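Coordinates in review
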Amino acid sequence: MQACAAYCIGSACMTATCSCCGSLGKAVSSISARAMYTVIFGLGMGIAVVMRDYAKPMMMEIPWIGVVPGMQPSDEWFGQSAVYRVSLGNFMFFGGLSAMLVDCKTRSDPRDRHIHHGSWTLKLAAWALCVIVPFLLPAGFIDAYAWLARLGSGVFLVVQMVILLDFAFLWNETWVAREHVGWVVGLLGSTLALYAGSVALVVFMYEWYAPKGVDCGRNVWLITTSLVPCALFSTLSAHPIAKEGSLLPSAVVTSYCVYLCYSALASEPTEYRCNPRGAYAGDGKASEVASTVLTLASVAYSAVRAGSSDFFGGVNNIGDEDEDYAALSGAEMGGGTDADAGDADSEDDVGGAASYPSGPVSYSYSFFHFVFALASMFLAMLMTGWG
């Protein structure tokens, strides 16, 4: 009797779960695809943050993870392994989508509707499976992925720099086009603030990571090789030889380069004599959480910007197809946003194909997911101090 009752309760729970998943799939189909992929990416990295600090008890119970011949794994080792496994799951999910959407150039391609913009219940289940599968793999496989992630992170840094430069030019052109003295003053103030912050950070880096009386030639070389090219290119951008030169993009890139230099120096081992600040690296969990959240936000924005930017071959009507699909999905659910969507739905004669938007895509779906895959690698490196 108890077994029968348990079976009935289990069946009811499974039915309710499936119903909820189906409703969730319909609900998210009315939201911008890029927004949903960003949420999935953020959720995966949020899991990685939690697993990094609290995964040891669970992972010690898994024989092929908790038992490592010839060594006694530390808490840090378990945390890094958990981050790599979650990162690998995200990489598998977005990498798989990127591969499936290669050469998808028109809205009439079935992959547009069923893979990129649709089948959300199936995709959410596939993402969950991708996150679980890496925990079934041996440590040697994860070590190989960690080395691959280092290479992928380097590629992402290059892509991120191009995205940042594209953003800086867009920012500059938008404010200049306003043709009002207030926007020009704001542009000048932003430029001066970025340069002032960069110079101040360079001064502090010389003070912090090249202390007097200690031979820190490598640190001095890193700081100097970051500063000199930035100063040189900033000067060239203001010279008439640069036809479309502007100081704001130069200031943005300078700030980013100085930040990368600081991140590299701050990640040096705490016992390294040229990193005296390493002893204070563990102060305050709140600061660590805030830094992780800011990093996640910047990486997610970079990934979205890379997938949709016209710099990478899109057109000016970025995002139109996501909005079109959201409107179409709303109409199919009985909650259309306008009369046109309802009319299109009523005239559908071949399983919804007639009402579905047509024409070329406005951004590369494959490249969009490829950047998310690289971003998964990059954030894993940030969380583990590049291993």
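Structural data are supplied above this passage.
All of the points below concern the structure found in this document. Along each chain, residues carry numbers from 1 onward, in the same order as the chain's sequence is written. Local features in a predicted model are, by the rule used here, given only for residues with pLDDT of at least 70; side-chain atom pairs are given and counted only at 80 or more, and totals for whole chains, interfaces and linings are based on all residues. Side-chain numbers here rest on the full set of heavy atoms in the structure, without hydrogens or water.

**Comments concerning the pattern of salt bridges**
Cut-off, in case you're wondering: Any Lys or Arg side-chain nitrogen found within 4 Å of a carboxyl oxygen on Asp or Glu counts as a salt bridge. Each residue is placed in one exposure class: buried if its accessible area under a 1.4 Å probe, protein chains only, is under 20% of its type's maximum, exposed if it is over 50%, and partly exposed if it falls in between.
This structure, assessed with the given rule, holds 3 salt bridges. With a shortest N-O distance of 3.0 Å, Arg107 and Asp112 are connected by a salt bridge. The exposure classification of Arg107 matches that of Asp112, with both residues buried.

**Thoughts on helix α7 (residues 120–132)**
Keep this limit in mind: Secondary structure elements follow DSSP: runs of H or I of four or more residues count as helices, runs of E of two or more count as strands, with numbering from the N terminus. In this scheme, a helix's expected span is set at 1.5 Å multiplied by one less than its residue total. The arc in question is the one traced by the directions running from the helix axis out to the C-beta atoms.
Here α7 is 13 residues long and its end C-alpha atoms lie 18 Å apart, about the 18 Å a rise of 1.5 Å per residue gives. Of all the positions in α7, only Trp120, Lys123, Trp127, Cys130 and Val131 are classed as buried. The buried residues of α7 occupy an angular sector of 95° when the element is viewed end-on, so they sit on one face. In α7, the exposed residues that point more than 90 degrees away from the buried face are Leu122, Leu129 and Ile132.

**Here's the deal with helix α2 (residues 33–54)**
With 22 residues, α2 should reach 32 Å at 1.5 Å per residue; the first-to-last C-alpha distance of 32 Å fits that figure. When α2 is considered as a whole, its buried residues turn out to be Ala33, Arg34, Met36, Tyr37, Ile40, Phe41, Gly44, Met45, Ala48, Met51 and Arg52.

**Here's the deal with the packing of helix α9 (residues 181–209) against helix α11 (residues 247–266)**
Just so we agree on the cut-off: In this description, a line fitted to the C-alpha atoms serves as the axis of each element, helices being fitted only across the stretch in contact, and the angle between N-to-C directions of two axes falls anywhere from 0 to 180 degrees. By definition in this entry, angles of less than 35 degrees are roughly parallel, angles greater than 145 are roughly antiparallel, angles of 65 to 115 are roughly perpendicular, and the rest are oblique. Whether a crossing is left-handed or right-handed is set by the direction in which the near helix is turned from the far one by less than a right angle, anticlockwise for left-handed and clockwise for right-handed. Under the grouping applied here, Gly and all other residues not named as nonpolar or charged are polar, the nonpolar ones being Ala, Val, Leu, Ile, Met, Phe, Trp, Tyr, Cys and Pro and the charged ones Asp, Glu, Lys and Arg.
In the contact formed by α9 and α11, the axes pass within 9 Å of each other and the chain directions differ by 25°. What the angle tells us is that α9 and α11 run roughly parallel. Like other packed secondary-structure pairs, α9 and α11 cross with a definite hand, here left-handed. Looking at the contact of α9 with α11 residue by residue, the classes come out as 18 nonpolar, 6 polar and no charged.

**Here we look at the packing of aromatic side chains**
Let me state the cut-off plainly: Any pair of Phe, Tyr and Trp rings, taking the six-membered ring for Trp, is counted once the centres come within 6.5 Å. Such a pair is stacked with planes under 30 degrees apart, edge-to-face with planes over 60 apart, and tilted for the rest.
One pass over the full model with this rule turns up 17 aromatic pairs. With a centroid separation of 6.5 Å and an interplanar angle of 65°, the aromatic rings of Tyr37 and Phe94 are classed as edge-to-face. With Tyr37 in helix α2 and Phe94 in helix α5 (residues 75–100), the pair connects residues that are 57 residues apart, well separated along the chain. For the pair Tyr37 and Phe94, a shared accessibility class is recorded, and that class is buried. Plain terms: the ring middles of Phe91 and Tyr145 are 6.1 Å apart, the flat faces sit at 50° to each other, and that makes the pair tilted. Within this pair, whereas Phe91 is found in helix α5, its partner Tyr145 is found in helix α8 (residues 139–177), the two being separated by 54 residues in sequence. Classification of Tyr145 as buried rests on a relative accessible area of 4%. Of the aromatic side chains, those joined through ring pairs into one cluster are Tyr37, Phe41, Phe93, Phe94, Trp120, Phe368 and Phe372.

**Notes on the nonpolar core**
Nonpolar side chains in soluble globular proteins tend to end up buried together. Using the following cut-off: Put simply, buried Ala, Val, Leu, Ile, Met, Phe, Trp, Tyr and Cys residues joined by side-chain atoms within 4.5 Å make one nonpolar core.
Counting 50 residues, the largest nonpolar core has Tyr37, Tyr84, Phe93 and Phe94 as its most contacted members. Membership of the second largest hydrophobic core comes to 7 residues, among which are Met205, Tyr209, Ile223 and Cys261.

**Thoughts on unusual backbone geometry**
Unusually for a residue other than glycine, Asp103 sits at a positive phi of about 65°. Checked against the element boundaries, Asp103 lands in the loop between α5 and α6 (110–116). A residue is classified by how much of its surface remains accessible, and Asp103, at 53% relative accessible area, is exposed. Residue Ser119 is not a glycine yet carries a positive backbone phi of 55°. Tracing the backbone shows Ser119 in the loop between α6 and α7. With relative accessibility at 34%, the residue Ser119 sits in the partly exposed group.

**With respect to the packing of α5 against helix α15 (residues 365–383)**
Put simply, the test is: When checking whether two residues touch, look at their non-hydrogen atoms; a contact exists if any pair is within 4.5 Å.
Packing of α5 against α15 brings their axes to within 7 Å, and their N-to-C directions diverge by 170°. If you check the angle between α5 and α15, you find them roughly antiparallel. Contacts from Val83, Tyr84, Ser87, Asn90, Phe91, Phe94, Gly95, Leu97 and Ser98 of α5 reach α15 at Ser366, His369, Phe370, Phe372, Ala373, Ser376, Met377, Ala380, Met381 and Met383. Its residues assigned to classes, the contact of α5 with α15 comprises 12 nonpolar, 7 polar and no charged.

**Concerning the environment of Gln80**
By the secondary structure assignment, Gln80 is in helix α5. With 305 residues separating them along the chain, Gln80 and Gly385 place their C-alpha atoms 9.3 Å apart.

**Description of a nonpolar patch on the surface**
What counts here: Residues with no salt bridge and a relative accessible area higher than 30% make up the patches, which join like charges within 9 Å and nonpolar side chains (Val, Leu, Ile, Met, Phe, Trp, Tyr) within 5 Å. For the accessible areas, the method is Shrake-Rupley and the probe is 1.4 Å, while residue cover comes only from the protein chains on display.
Taken together, the side chains of Leu232, Phe233, Leu236 and Ile241 define a hydrophobic patch exposed on the protein surface, amounting to about 430 Å² of accessible area. Its location among the elements puts Leu232 in helix α10 (residues 217–237). The partly exposed category is assigned to Leu232, whose relative accessible area is 48%.

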